[in-house]
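Next come the chains, spelled out residue by residue.
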There are 2 protein chains.
Amino acid sequence: MTPRRQSSRAPVTSPAVATVFTTVLTQGPVSRVDVARRTGLSSAAVTKAARPLIEAGYLIERDSEQSGIGRPVSPLEVRADREFFLGVKVTDRELIGVVTDLRARMLVTKFRPLPSRKPDAVVDGIAEMVTALLAESKAYKQRTHCLGVTVAGDVDRDTGHVRYSPFLHWRDVALGGLLAEKIDLEITVDNDVKAITVAERWFGDGVGANSFALVTLGTGIGCGLVVNGGVVAGSHGVAGEIGHIPVFGDGPVCHCGATGCVEAIASTDAIVAQARTATGEAGLTMAEIVTGARLGDTALRKVFARAGVAIGRGLASVANLVGPERIIVSGEGLDAYDLFADEIRETFATQAFGAAAQCELILRPLPFEEWARGAAAIAVQTLFLS
Amino acid sequence: MTPRRQSSRAPVTSPAVATVFTTVLTQGPVSRVDVARRTGLSSAAVTKAARPLIEAGYLIERDSEQSGIGRPVSPLEVRADREFFLGVKVTDRELIGVVTDLRARMLVTKFRPLPSRKPDAVVDGIAEMVTALLAESKAYKQRTHCLGVTVAGDVDRDTGHVRYSPFLHWRDVALGGLLAEKIDLEITVDNDVKAITVAERWFGDGVGANSFALVTLGTGIGCGLVVNGGVVAGSHGVAGEIGHIPVFGDGPVCHCGATGCVEAIASTDAIVAQARTATGEAGLTMAEIVTGARLGDTALRKVFARAGVAIGRGLASVANLVGPERIIVSGEGLDAYDLFADEIRETFATQAFGAAAQCELILRPLPFEEWARGAAAIAVQTLFLS
DNA sequence: CCGGTAAATTAACTTCGTCAAGAAATTAAG
DNA sequence: CTTAATTTCTTGACGAAGTTAATTTACCGG
């Protein structure tokens, strides 16, 4: 188990309380009867469950606005500044840290380079980041109890162990335990993509969906999957590796050793590499490639088009296999990815089987801070998850 | 809702009773303390939950065998002949029907050609099949209450509506309702692959796995997926369409309109077609192709090898995406599929990402009757599922 | 026959949620 | 201004389901 101090403040004590809390959290201001209707609980149960939450300051009653016949509603709302949460995402070269409120809205964002990838150095860096974030406001220092930390790779969320992280060159690092020695907060460590999926599920485009997929484009290409009420974990620590789905029989060999992976064609690195060989200019940067393609360079446009096809095929695989309600495609600076949005949609439409093509495709950018917001979201989640 | 008569006999009245029943059902004879240990219930709760099940005749106490120190255990076991279940699978050309016991073991199997695919004719056929199956034994007639019917395609299990079934050329057929008019049993209609997945989950190779996939090879190529404690349904009625995952960029055009689908290369039809073009002999049958390949015909062997690669890539996609504990690959007469078992395993091993390759691969044949057994399994499931 | 031991049972208690009745806060009508 | 109508919210009795702790049961070995 992650070293966690008993949070006697924990507002959630029973299933019904958790249901009420999460519905108010995600569905905005709602009246008690509405909560009852949406959850299937009795209105009496909602009243009872709401009381301790109100007393603890997590929910507040708003004044009703429109009034019809009968007793006016008194909608319940989350008191977002009741508690603050920290999220830190560890990348291979920097730390991204945020302070958020209860609804995972970012209040402060900080970036800080990572001099070394050694576990000790990373732990120190995170501790410093935490201090710096909390120093931003007295309120943060007083009302922050949870920290979420995310890392790319295979993480055991329950123990806080990082089993394997290729980007950091880590194997079996007890990150949760090391952090707990230096930081006096309830700490949760998890995989970065899973975390950002949790954020979408509770506070983003995943709200209201029974199942959805979140695809992240960038140096790596990952995918978070929500099915049957939970984020898919993967029994051997691997899941959502949409980047390593084989979509082309004759594609280039991926760094993972397989052939025709999406990531070998559509990751930022792969795009740069392909653009360089296509043009013969070895020093091209991503920015130059994007502007070149925008100006109409056919060779460069072809590289993007091919990437779009690869991604579209990957998305179709997800849709055909698990049939999510929505797929959120989200890249670091999807402004650049407008160059293949059309190809993604077209390929998806032709390769998705039957009704799977009805799956809603949302393309939108993913600012770097969002990754840290995901980390904060898993910290928020500790409030109401077991 | 499916027209279902109130089964006052339903033995399951609470979550704990369901847990006890399913653990005894799937884990064979188990002592009460063991059930408690495995489920996390208190032993008192197990005693209480077991009593009504024993009184209703669903569970029996066995005599303990090995005796150590202390009071000897009295293991609980399912009384398999307490109740019988019917399963009928509707294919495009015949009906397959079975009688099973509580543990979904097949007791009788019947095949019957389907003269017409019209809904009325199918309903009549199923009714006749039911009569014939029940006529096999007086006990069946007395102690059968549930019928499961499965169909390929998009089925709404809750209403018993077949939304779309390409093989039967059906669209919006209220099969459940039509059957209920003629058959005096509790009827459940579901998708065939989902049903057979349920059978594996409770009574087959899926027992004990938190997540697994069942891949069926044949005229179509499908996949049932169990994740987060449930069979994946697909929000638009589509899920598990592993056959339409695009794995080759340059593959043949599939009947679904997409390119490079697994099914366009590895379905029985596709194999026959490819074998015919490879050899130039237009009249080749599957049996001839198999024997030819076994005798070493290189052209034919290549066809099988390519199919194996396509399947392996599809399996790798599943493993990379959802990370199941096991994948059961199961074809109609996998005796023929021994011709590409090696390619499947090899391709899977190279294309699975990292730890996903640890996913256990089980290859084994799938006799036709198994499909009907799946139908019976969803009938059994009604006993303890809501 | 008498402890020792582990399984199963029992009984008292706790927790959670429903139900049904009623209190509260408003509009609409006489 | 009073009364009815209407809808939301609250309350308290009740019941279902599961827990803990003590007790009984059924076997062992001396």
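Here, residues in each chain are numbered from 1, in the same order as that chain's written sequence. Throughout, the order in which chains and ligands are written sets their labels, letters from A for the former and numbers from 1 for the latter. Per-residue local features are limited, in this predicted model, to residues with pLDDT of at least 70; the limit for side-chain atom pairs, both in listing and counting, is 80 or more; totals at the level of whole chains, interfaces and linings are taken over all residues. As a rule here, side-chain values come from all non-hydrogen atoms in the structure, and water together with hydrogens is ignored.

## Considering unusual backbone geometry
Worth spelling out the cut-off: A helix here means a DSSP run of H or I that spans at least four residues, while a strand means a run of E at least two residues long, and both kinds are numbered starting from the N terminus. When accessible area is computed with a 1.4 Å probe and restricted to protein chains, residues below 20% of their type maximum are described as buried, those above 50% as exposed, and intermediate ones as partly exposed.
Phi is positive for N228(A), which is not a glycine, with a value near 50°. Assignment of secondary structure puts N228(A) in the loop between β12 (222–227) and β13 (230–231). The backbone of D172(B) shows a phi angle near 55°, a positive value even though the residue is not glycine. As for its position among the elements, D172(B) is in strand β9 (residues 170–173). The class of D172(B) is exposed, set by a relative accessible area of 55%.

## Description of the confidence of the model for chain A
Residues and elements named next belong to chain A. Going by this rule: Per-residue confidence from the predictor is given as pLDDT, running between 0 and 100. Contact between two residues is taken to exist if any of their heavy atoms lie within 4.5 Å; hydrogens are not considered.
The predicted model of chain A averages 92 in pLDDT, with 96% of residues at 70 or higher. When pLDDT is averaged over each element of chain A, strand β3 (residues 84–90) comes out on top at 98 and helix α12 (residues 334–337) at the bottom at 71. Scored below 50 in pLDDT, residues 1–8 makes 17 contacts in the model with residues more than four places away or belonging to other chains.

## Let's talk about the pattern of salt bridges
So the rule is basically this: For this document, the term salt bridge refers to a Lys or Arg side-chain nitrogen within 4 Å of an Asp or Glu carboxyl oxygen.
This structure, assessed with the given rule, holds 38 salt bridges over all chains. A cluster of three or more residues bridged by salt bridges with shared partners is formed by D34(A), R37(A) and R38(A).

## Some words on the sheet that holds strand β7 (residues 154–156) of chain B
All names here are of chain B. The cut-off we apply is this: What makes two strands pair is DSSP finding at least two bridges between them. All axes are obtained by fitting lines to C-alpha atoms, using only the stretch in contact for helices, and the reported angles, taken between N-to-C directions, cover 0 to 180 degrees.
Here 3 strands make up an open sheet; going across it, the order is β7-β8-β9 and the pairing antiparallel. Single-partner strands in this sheet number two, and they are β7 and β9. When the angles between neighbouring strand axes are averaged without regard to direction, this sheet yields 10°.

## Quick word on the packing of aromatic side chains
Residues and elements named next belong to chain B. To keep it simple, the criterion reads: Here a Phe, Tyr or Trp ring, Trp counted by its six-membered ring, pairs with any other such ring whose centre lies within 6.5 Å, and the pair is stacked when the planes are under 30 degrees apart, edge-to-face when over 60, and tilted otherwise. The criterion for a charge sitting over a ring is simple: Lys NZ or Arg CZ within 6 Å of the ring centre, and within 35 degrees of the ring normal.
The tally for this structure, following the rule as stated, stands at 10 aromatic pairs over all chains. Summarising the aromatic geometry, the rings of F21 and F384 are spaced 6.1 Å apart at their centres and angled 65° between planes, so their arrangement reads as edge-to-face. Of this pair, F21 sits in helix α1 (residues 15–26) while F384 sits in the segment after α14 (369–381), placing them 363 residues apart in sequence. This pair shows no difference in class: F21 is buried, exactly as F384 is. Its guanidinium or amino end placed over the ring of Y58, R82 lies 4.5 Å from that ring's centre, counting from NZ or CZ.

## A short note on the relation of the copies chain B and chain A
Worth spelling out the cut-off: Alignment of the copies relies on least squares applied to C-alpha atoms, considering only residues that score at least 70 for pLDDT in both.
Once chain B has been moved 0.0 Å along the axis and rotated by 180°, it coincides with chain A to within an RMSD of 0.0 Å. Classification of the inter-copy transformation places it as that of a two-fold axis.

## Overview of the interface of chain B and chain A
Worth spelling out the cut-off: Throughout, the accessible surface (probe 1.4 Å) given up by two parts as they are put together, summed over both, is called the buried area. Ten residue types, Ala, Val, Leu, Ile, Met, Phe, Trp, Tyr, Cys and Pro, are classed as nonpolar, four, Asp, Glu, Lys and Arg, as charged, and the remainder, Gly among them, as polar.
In this assembly, 40 residues from chain B lie in contact with 40 residues from chain A. Carbon and sulfur atoms supply 59% of the area that chain B and chain A bury against each other, a total of about 3500 Å² over both sides. Broken down residue by residue, the surface that chain B buries against chain A is led by H236(B), L321(B) and F353(B), which jointly contribute 21%. Scanning the region where chain B abuts chain A turns up 0 salt bridges. Those elements giving two or more residues to the side of chain B that touches chain A turn out to be β12 (222–227), β13 (230–231), α11 (298–322) and α13 (341–351) of chain B. Residue contributions to the side of chain B that touches chain A peak at 6 residues, all from α11(B). When grouped by side-chain class, the residues that make up the side of chain B that touches chain A number 21 nonpolar, 16 polar and 3 charged.

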